[in-house]
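# Inside the fold
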Amino acid sequence: KADSLRTELKKAADAEAMAHRATLIVSNLYRIEPGATSIEVEDWERGGTTTVKLDPKQFRSAKDEADAGFKKARRLRRGSAVVEGLLEASAAKLEKLAAIRRDADAAGDAAALDAV
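Residues numbered from 1 in each chain as written. Predicted model: local features only at pLDDT ≥ 70, side-chain atom pairs only at ≥ 80, totals over all residues. Heavy atoms only, no water.

## Structural notes on the overall build of the chain
Just so we agree on the cut-off: A run of H or I in DSSP counts as a helix once it spans at least four residues, and a run of E counts as a strand once it spans at least two, with each numbered from the N terminus. Throughout this description, buried means an accessible area under 20% of the type-specific maximum (1.4 Å probe, protein chains only), exposed means over 50%, and partly exposed covers the range between. The contact criterion used throughout is that any non-hydrogen atoms of two residues lie within 4.5 Å. For accessible areas, the Shrake-Rupley method is used with a probe of radius 1.4 Å. Any residue's cover is judged against the shown protein chains and nothing else.
Across its full length, the chain holds four helices and two strands. The proportion of buried residues among the 116 residues of the chain is 24%. When contacts within the chain are restricted to residue pairs at least 6 apart in sequence, those whose partners lie at least 24 apart make up 48%. With an accessible surface of roughly 8400 Å², the chain has 54% of that area assigned to carbon and sulfur atoms.

What follows is the structure in structure tokens.
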């Protein structure tokens, strides 16, 4: 369970990159021709220029693609908060189980084991 939660948390870390990409698209909508598959844009946040790939087959317009990127980034951000809480709860349970196991291993006889 913890491994799958870590995988989800890693995906959530991509939310910032996704939102940044959507921002670059929105900032350059006036330059994007219908059906374009990429555009070279100025990236003010990171400096320099970058190429943003577009998917005109999946989205009707660059605006639709940016909107989908923002929506997914918001969903991932919300999910990351939930996942972090679940990971903390999972770690606490693992620690509790480890403590019980240590106590059980240290028990010298059946009576001591029953007390654990």
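Read on for the rest.
## A word on the nonpolar core
Applicable threshold: Definition of nonpolar core: a set of buried residues of the types Ala, Val, Leu, Ile, Met, Phe, Trp, Tyr and Cys, connected through side-chain atoms within 4.5 Å.
Grouped together as the largest cluster of nonpolar side chains are eleven residues: Ala22, Leu24, Ile25, Ile32, Ala36, Ile39, Val41, Val52, Leu54, Ala62 and Ala66. Of the residues forming this core, the biggest block, three residues, is contributed by helix 2 (residues 15-27). The residues touching Ile25, leaving out its near neighbours within four places in the chain, are Ile32, Val52, Leu54, Ala62, Glu65 and Ala66.

## Here's the deal with the side chain of Glu65
Mapped onto the secondary structure, Glu65 falls in helix 3 (residues 62-106). Take Glu65: its relative accessible area is 6%, and that puts it in the buried class. Discounting chain neighbours no more than four positions away, the residues touching Glu65 are Arg21, Ile25, Lys53, Leu54, Asp55 and Phe59.

## Here we look at the pattern of salt bridges
Note the threshold: Within this document, salt bridges are pairs made up of a side-chain nitrogen of Lys or Arg and a carboxyl oxygen of Asp or Glu, the two lying within 4 Å of each other.
Tallied over the full model, the rule gives four salt bridges. With a closest N to O distance of 3.2 Å, Arg60 and Asp64 form a salt bridge. According to the relative accessible area criterion, Arg60 is exposed, its value standing at 80%. Using a relative accessible area of 25% as the deciding quantity, one classes Asp64 as partly exposed. Between Glu95 and Arg102 there is a salt bridge, and its shortest N-O distance comes to 3.3 Å. Its relative accessible area of 46% is what places Glu95 among the partly exposed residues. The class for Arg102 is partly exposed, based on a relative accessible area of 49%.

## Thoughts on the pairing of strand 2 (residues 49-53)
Inclusion rule: The rule for pairing is simple: two strands pair if DSSP sees at least two bridges between them.
Examined bridge by bridge, strand 1 (residues 38-42) and strand 2 share five bridges and lie antiparallel to one another. Bridging across to strand 2, Ser38 finds its partner in Lys53. Two successive antiparallel strands, strand 1 and strand 2, enclose a turn made up of six residues, where Gly47 displays a positive phi of approximately 85°.

## Structural notes on the confidence of the model for the chain
Applied cut-off: Confidence scores labelled pLDDT are given residue by residue by the predictor and lie between 0 and 100.
Summarising the model, the chain shows a mean pLDDT of 84, and 84% of its residues fall at 70 or more. Of all secondary-structure elements in the chain, the lowest mean pLDDT belongs to helix 4 (residues 110-115), at 66, while strand 2 reaches the highest, 96.

## Side note on a nonpolar patch on the surface
Rules: A patch consists of residues exposed above 30% relative accessible area that lack any salt bridge, with like charges linked at up to 9 Å and nonpolar side chains (Val, Leu, Ile, Met, Phe, Trp, Tyr) linked at up to 5 Å.
On the surface, a cluster of nonpolar side chains totalling about 290 Å² of accessible area is made up of Leu94, Leu97 and Ile100. For Ile100, the position within the fold is in helix 3. Of the residues examined, Ile100 reaches a relative accessible area of 40% and is grouped as partly exposed.

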